[in-house]
Amino acid sequence: MRVAVQGPSGIGKTALVTAWGHKHQHRWPHGALYADLSTTDSDTILRGWLLALGHTYLPDSSGGLEALWRTATAHQRLLVVVEQATAEAVHALFPAGPDCAGIATAHHGLDELVATGGRIAHLAGLPDQTVGDLINRLVDRPIPSRVLDEAVASASGSPLAATLTAATLARDLYTPLTETEQENLVPDRISTILTDLPEQTATAAVLIAAFPGSFVTAEVTAALLGAPREQAQYTLTTLVEAALLVDLGRGRYTVHDRVRQPLADRLTPERHTAMVEALAGFYRVRLAAVDLVLNVWRWRADTEGIHLARAAQEDEVWFSTRDEALAWADAELDNILALARLLHRLNRPEVAMFVDHIGTYVTLRKPLIARELYEWGLEVARPTGDGRLVGLMLQRLSTSLHPDWQAALDLNLQAKDTYDQAGFAQGVASAYESIGSTLARLGRLEEAEEAQTVSLRLHQELGKHRGAAFQTRRLGEIHVQQGRTQEAMTAFTTSYRDLLHLDPPDIYQATRNTQGMIALLLNEEDPALLPVAELLALEGLASTLVSGSLHQRASLYMELATIARTRADRSQEIDYLQRVHALLSPGHPVIKQAVVRLGGLGVPVS
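What you see as residue numbers is a count from 1 along each chain, following the sequence as written. Whole-chain, interface and lining totals are the exception, using all residues; otherwise, since this is a predicted model, local features are given only for residues with pLDDT of at least 70 and side-chain atom pairs are given and counted only at 80 or more. Note: side-chain values were computed over all heavy atoms of the structure, leaving out hydrogens and water.

**Student:** Provide a residue-level description of helix α5 (residues 128–139), including the pertinent values.
**Tutor:** Note on conventions: DSSP H or I runs of at least 4 residues are helices, E runs of at least 2 residues are strands, and numbering of each starts at the N terminus. Multiplying one less than the number of residues by 1.5 Å gives the expected span of a helix. For α5, with 12 residues, the first-to-last C-alpha span of 16 Å sits near the 16 Å given by 1.5 Å per residue. Only protein chains enter the accessibility calculation, which uses a 1.4 Å probe; a residue whose area is less than 20% of its type maximum is buried, one above 50% is exposed, and one in between is partly exposed. For α5, every residue scored as buried is listed here: Val-131, Gly-132, Leu-134, Ile-135 and Val-139. Axial view of α5: buried residues confined to an arc of 160 degrees, hence all on one face. For α5, the exposed residues set more than 90 degrees away from the buried face come down to Gln-129 and Arg-137. Just downstream of α5 lies Asp-140, where phi reads positive at about 65 degrees. The directions from the helix axis to the C-beta atoms are what the arc is built from.

**Student:** Let's hear about the pairing of strand β1 (residues 2–6): which residues, and what values?
**Tutor:** Burial within β1 is extensive, with four of its five residues counted as buried. Following DSSP output, two strands are said to pair if at least two bridges run between them. In this structure, β1 lies alongside strand β5 (residues 119–122), joined through four bridges in parallel fashion. Its bridge partner lying in β5, Gln-6 is registered against His-122.

**Student:** Summarise the packing of helix α10 (residues 199–210) against helix α12 (residues 229–241); cite the residues concerned and give the values.
**Tutor:** Helix axes are fitted only over the stretch in contact, all axes being lines through C-alpha atoms; the angle between N-to-C directions runs from 0 to 180 degrees. At a minimum axis distance of 10 Å, the contact between α10 and α12 shows a crossing angle of 80 degrees. Accordingly, the angle class assigned to the pair α10 and α12 is roughly perpendicular. Contacts between α10 and α12 involve Gln-200, Thr-201, Ala-204, Ala-205 and Ile-208 from the first element and Gln-231, Thr-235, Leu-236, Thr-238 and Leu-239 from the second. Throughout this entry, Asp, Glu, Lys and Arg are counted as charged residues, while Ala, Val, Leu, Ile, Met, Phe, Trp, Tyr, Cys and Pro are counted as nonpolar. The remaining residues, Gly among them, count as polar. Grouping the constituent residues of the contact of α10 with α12 by class yields five nonpolar, five polar and no charged. The cut-offs work like this: below 35 degrees is roughly parallel, past 145 is roughly antiparallel, 65 to 115 is roughly perpendicular, and the gaps in between are oblique. Residues count as neighbours in contact if any of their non-hydrogen atoms are within 4.5 Å of one another.

**Student:** Residue-level account of the packing of aromatic side chains, with values.
**Tutor:** Only rings of Phe, Tyr and Trp enter the pairing, Trp through its six-membered ring, and a pair is recorded when the two centres are within 6.5 Å. The plane angle decides the type: under 30 degrees is stacked, over 60 is edge-to-face, the rest tilted. For the coordinates displayed, the defined rule picks out nine aromatic pairs. Ring geometry for Trp-299 versus Phe-424: centroids 4.8 Å apart, planes at 75 degrees, classification edge-to-face. Within this pair, whereas Trp-299 is found in the loop between α14 (269–294) and α15 (303–312), its partner Phe-424 is found in the loop between α20 (405–422) and α21 (425–441), the two being separated by 125 residues in sequence. Phe-424 matches Trp-299 in its accessibility class, with the two residues each being buried. By the ring-pair criterion, three or more aromatic residues cluster together here, those being Phe-282, Tyr-283, Phe-319 and Trp-328. Lying across the ring of Phe-215, Arg-252 places its NZ or CZ 5.4 Å from the centre. In our convention, an over-ring charge means Lys NZ or Arg CZ found within 6 Å of a ring centre and within 35 degrees of that ring's normal. Cation over ring: Arg-286 sits above Trp-318, and NZ or CZ is 3.9 Å from the ring centre.

Below is the structure:
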């Protein structure tokens, strides 16, 4: 089902679609997805939706994202609602599955949807008689015909305008509406509504209208008001009932576009400053909490943010699993970016704190916003003179420069010098690791080995056992490129043991050593070694169930498929390759390898 709802602002498009979606939500067991194109773009929306559906590898191009979206929704039962849509956006964002539904709202421009089997619902203005009846019912006392005629004409068939006109008339039935009064209908109606609300609820309406992101939650509202979550939820419900907010479902709320600007205009400079402070603090601490779950071992420049996150969770843990932490960041990514953009414009230091805590998430999800966000972080970090922070921003930015490895190397060299000047030894050790990795990418293996050896020594001197084990594996990878098989195997074995002895053990990095060992064993082309390689691969698969790494699991299935091929076990090879194809998104490099091999085996791939 593909439907476009068109009509002027205030005619009731959002209310109609929202009410219909709530009434029929049982028809969409895989959920409902919402987007407002007035606050974001199609590519950003698709990335968020695909991440929400569990796709961890996302293509860089718009075409790749759209292709993945069509594949991902081909067998789903989803409802997708797109507000302020364009014809191009509808083509990109509507789901492909025959059991899915796509609904778009716009003022105009969606008629061509009919050509692809869609339907158009034109919400024309209400008839004058209906508008007059609505105004009469709302005012609830006789209205002089001359005044009523003028009020009906000023509403232009809009239910919202009719409601606002009625509010004005309720104050004085006998004063004709001047042009200025007609322009002030929305602000005046808002004033009336806010006057009838508790002060904190009225304040919340203004703050939410000024929120830079696309939606708010009860947690964000609680931060804005400095109130408990339960009170914030009650406030949101009250504002929905007052027709100032729209309930988007799944705990998300937004302001109707007709009242957003008039509400936001009521925000004083002092209150705007307080709002920015509250939002920056909320997202800084939440991102720190996410990072604590995703990576317990890494050092951080914003140690205060980590302390605040731990203190805030003494009574209630926000994210008990990696999946919960990733799901929150996936859902809030657009809001985080919008707020970071605002903070960057205000030259506030929290941008760099965001970058500090979002790094592991970016490594796992690889959103395209990383480079822009990292550039902002570096800009605001430099004036602080904090060498730890500046060095970290340089390293973060270097990771987003693929495939310009020389530029990445230059930034990592700057990071090393910055850490050195700040006297931060752990940063220097980390920078040497980044330098070594980048040199290896450039094929400068002897220099890479030297840099990684320095990093290993520094980590050992600092007593950083996880870092030392990590560098040992890096050296093993360089030895593989150099053809030093025995040294590589020793490095992988040592690193694997040390990583599993950590508290807690680093399962993900340990399994990367397992993969290195398997590759070395297979390169030996000795049938006697195949059972050992297979045992390692199966053990690695069990580990991925703990770490949750789909990419790592798929890579291990590929190794098992190679072992099966070596044994001439065609059916087992096909089984493993098909498991790879089911795990990851189309376009992922491992998927491409699996598809090629399946094709060579004569197995069609959809």
